[in-house]
Amino acid sequence: MTAEALELYRPFLAMLVRTHLDPRLRPRVDESGLVQQTLLEAWQQMPKLTESDRPAWLRRAMLNNLADELRRLRTGMRDWRKERVLEAAANATSARLEKHLAANQTSPSEKAEDAEDELRLLAALAALPETQREALVLQHWQGWSVAAIAEHMDKTPAAVGGLIKRGLRQLRASMGAKP
Amino acid sequence: MNRSEQFDQLIAEFLDARRRNQAPSRGQMIARHPEFANELNSFFDNQAALEQQVPMADPAATLPPALADAAGCDLLRIRYFGDYELLEEIARGGMGVVFKARQVSLNRIVALKMILAGQFASPDDVQRFRMEAEAAANLDHPNILPILRSRRTRRTAIFLDEVCRWRHTRHPVRDASKKRERSDAPTKRR
């Protein structure tokens, strides 16, 4: 594998972080730095990785790096009473991520296949218009209520409903187009 | 509100009902809103396609903004919890939060561990929490704080993790937790 081949995974990893991270924590987390670090680790591991192992390995390394970063963030936040909301968001994101990592202990071949599927899904997600993607990620991946998303995005609940509806439609269309 | 906005509003309401596990089925939705039958069918198809690959986030593991505020202000909002007066927060993890507290009836300092997700905890979370309490209760080691009691309240899934050895040290809570962290004993628990 060349560095260029590895580079192709950058948008996938960026979107993976985006779906797992509470948006309120974005200003505190160096997303592109984490992606860079993961790609660097992959580069060092390259001799050991077969091509089919790559997506699953990258996915897991990325989520582990994000989990580590959140742990560091939470330690630093412990005494900042004013930052309770962010801290709660960090705790919730962390808890969900740990649960997700623990739940994904399937067989290696299954894992490789799942990672391929997820890669395609995240690529389709990345291709959505920004507002549709934001609404859909918050609703489906982050589990927010429509009311909370509406407030966060400064839109009406109906407008958010519309964004999610269109996002779902386009996501399915682009997934179906690339079998 | 035009027809398209009405439908988007309907979707918004459905998604929130679904989040609370109170959503009507596809059939019920169509029966209630036959004028949107086509739109509803394609919405449900699109949603099922995504759901098949990535299940919707479990709201039990999620803190939306309003709840996050509440969780962040535990100590400010709740000074008393049953027989316990909350004094300060000692530590917080993904699963739970530990308070230094005074057991009012016995006038002693204890550590109170609560499940963070409270009433939103899934049965799995509660089970994990209970197993941790049971496992820890069976341990006996100078660096492990003994569990005195655990229980579940009716409204919220909360367990108590009580400690009595702290009164022997100068800064009971902090010293005890540091000692525990430093310990390399194989029985160290997380």
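Residues numbered from 1 in each chain as written. Chains lettered and ligands numbered in written order. Predicted model: local features only at pLDDT ≥ 70, side-chain atom pairs only at ≥ 80, totals over all residues. Heavy atoms only, no water.

**A short note on the overall build of chain B**
Line of reasoning, step 1. In terms of regular secondary structure, chain B is built from 7 helices and 4 strands.
Line of reasoning, step 2. Secondary structure elements of chain B occur, N-terminal to C-terminal, as α-α-α-α-α-β-β-β-β-α-α.
Line of reasoning, step 3. When the 190 residues of chain B are sorted by exposure, 43% land in the buried category.
Line of reasoning, step 4. Contacts in chain B between residues far apart in sequence, at least 24 positions, make up 43% of those at least 6 positions apart.
Line of reasoning, step 5. On chain B, roughly 10900 Å² of surface is accessible, and the fraction owed to carbon and sulfur atoms is 49%. (Helix = DSSP H or I, 4+ residues; strand = E, 2+ residues; numbered from the N terminus. Buried < 20%, exposed > 50% of the residue type's maximum accessible area, 1.4 Å probe, protein only. Contact = heavy atoms within 4.5 Å. Areas by Shrake-Rupley, 256 points an atom, 1.4 Å probe, with all protein chains shown as cover.)

**Some points on the overall build of chain A**
Line of reasoning, step 1. Regarding its fold elements, chain A presents 9 helices and 0 strands.
Line of reasoning, step 2. For chain A, the α and β elements follow one another from N to C terminus as α-α-α-α-α-α-α-α-α.
Line of reasoning, step 3. Considering only intrachain contacts with a sequence separation of at least 6, the fraction spanning at least 24 residues in chain A is 74%.

**Digging into a negative patch on the surface**
Residue and element names in this part refer to chain A.
Line of reasoning, step 1. A contiguous patch of negative charge on the surface is contributed by Glu51, Glu113, Asp114, Glu116 and Asp117.
Line of reasoning, step 2. Relative to the elements of secondary structure, Glu113 occurs in helix H6 (residues 108-126).
Line of reasoning, step 3. A relative accessible area of 57% means that Glu113 is categorised as exposed. (Patch = residues over 30% accessible without salt bridge, like charges linked within 9 Å, V, L, I, M, F, W, Y side chains within 5 Å. Salt bridge = Lys/Arg side-chain N within 4 Å of Asp/Glu carboxyl O. Lys, Arg positive; Asp, Glu negative; His and termini not counted. Charge placed at Lys NZ, Arg CZ, Asp CG, Glu CD.)

**Some words on the nonpolar core**
Line of reasoning, step 1. Membership of the largest hydrophobic core comes to 62 residues, with the highest contact counts inside it found for A:Leu13, A:Leu66, A:Leu125, A:Leu136, A:Trp141, A:Leu171 and B:Phe43.
Line of reasoning, step 2. Residues in contact with A:Leu136, not counting those within four places in the same chain, are A:Leu125, A:Leu128, A:Trp141, A:Ile164, A:Gly167, A:Leu168 and A:Leu171. (Core = buried A, V, L, I, M, F, W, Y, C linked by side-chain atoms within 4.5 Å.)

**Let's talk about the side chain of B:Arg19**
Line of reasoning, step 1. Among the structural elements, B:Arg19 can be located in helix H1 (residues 3-19).
Line of reasoning, step 2. The buried charged residue B:Arg19 lacks any salt bridge partner; its closest oppositely charged side chain belongs to B:Asp16, at an N-O distance of 5.5 Å.
Line of reasoning, step 3. At 2.6 Å, the side chain of B:Arg19 forms a polar contact with the backbone oxygen of A:Gly143. (Polar contact = N/O pair within 3.5 Å; in protein donor to acceptor, adjacent residues only side chain to side chain.)

**With respect to the confidence of the model for chain B**
Residues and elements named next belong to chain B.
Line of reasoning, step 1. Chain-level statistics for chain B give a pLDDT mean of 66 and a share of 46% at 70 or above.
Line of reasoning, step 2. Here residues 61-78 is a poorly scored stretch, pLDDT under 50, and it has 34 contacts once near neighbours within four places are set aside; other chains count.
Line of reasoning, step 3. Contacts for the low-pLDDT stretch residues 153-190, under 50 throughout, to residues beyond four places or in other chains number 91 contacts. (pLDDT = per-residue confidence, 0-100.)

**Observations regarding the packing of helix H7 (residues 130-141) of chain A against helix H8 (residues 146-153) of chain A**
Residue and element names in this part refer to chain A.
Line of reasoning, step 1. In the contact formed by H7 and H8, the axes pass within 10 Å of each other and the chain directions differ by 140 degrees. The orientation of H7 relative to H8 falls into the category oblique. The two elements H7 and H8 cross, and the hand of that crossing is right-handed. Contacts between H7 and H8 involve Thr131, Glu134, Ala135, Leu138 and Gln139 on the former and, on the latter, Ile149, His152 and Met153.
Line of reasoning, step 2. Classifying every residue of the contact of H7 with H8 by side-chain character gives 4 nonpolar, 3 polar and 1 charged. (Axes fitted to C-alpha atoms, helices over the stretch in contact; angles between N-to-C directions. Parallel < 35°, antiparallel > 145°, perpendicular 65-115°, else oblique. Left-handed = near helix turned anticlockwise from the far one by under 90°. Nonpolar A, V, L, I, M, F, W, Y, C, P; charged D, E, K, R; others polar.)

**Looking at the packing of aromatic side chains**
Line of reasoning, step 1. As enumerated under the stated definition, the model contains 5 aromatic pairs over all chains in all.
Line of reasoning, step 2. With 6.5 Å between their ring centres and 65 degrees between their planes, A:Tyr9 and A:Phe12 make a pair best called edge-to-face. A single burial state applies to A:Tyr9 and to A:Phe12, both of which are buried.
Line of reasoning, step 3. A ring pair is formed by B:Phe14 and B:Phe43, whose centres lie 6.1 Å apart and whose planes are at 90 degrees; its orientation type is edge-to-face. Taken as a pair, B:Phe14 in helix H1 and B:Phe43 in helix H3 (residues 37-53) lie far apart in primary sequence, 29 residues in all. B:Phe43 carries the same exposure label as B:Phe14, and that label is buried.
Line of reasoning, step 4. Joined through ring pairs, the aromatic side chains of B:Phe14, B:Phe43 and B:Phe44 make up one cluster. (Phe/Tyr/Trp six-rings, centres within 6.5 Å; stacked < 30°, edge-to-face > 60°.)

**Details of the packing of helix H2 (residues 10-20) of chain A against helix H3 (residues 31-45) of chain A**
Packed helix pairs are characterised by how far apart their axes lie and by the angle those axes make with each other.
Residue and element names in this part refer to chain A.
Line of reasoning, step 1. For the pair H2 and H3, interaxial distance at closest approach is 10 Å and the crossing angle is 130 degrees. As judged from the angle between their axes, H2 and H3 are oblique. At the point where H2 passes H3, the crossing takes the right-handed sense. Where H2 approaches H3, its residues Arg10, Leu13, Ala14, Val17 and Arg18 are matched on the opposing element by Glu31, Val35, Gln36, Thr38 and Leu39.

**Comments concerning the confidence of the model for chain A**
Line of reasoning, step 1. Considering every residue of chain A, the mean pLDDT works out to 82; 85% of them sit at 70 or more.
Line of reasoning, step 2. Looking over chain A, one finds the lowest element-wise mean pLDDT in helix H5 (residues 84-103) of chain A, namely 71, and the highest in H7(A), namely 92.

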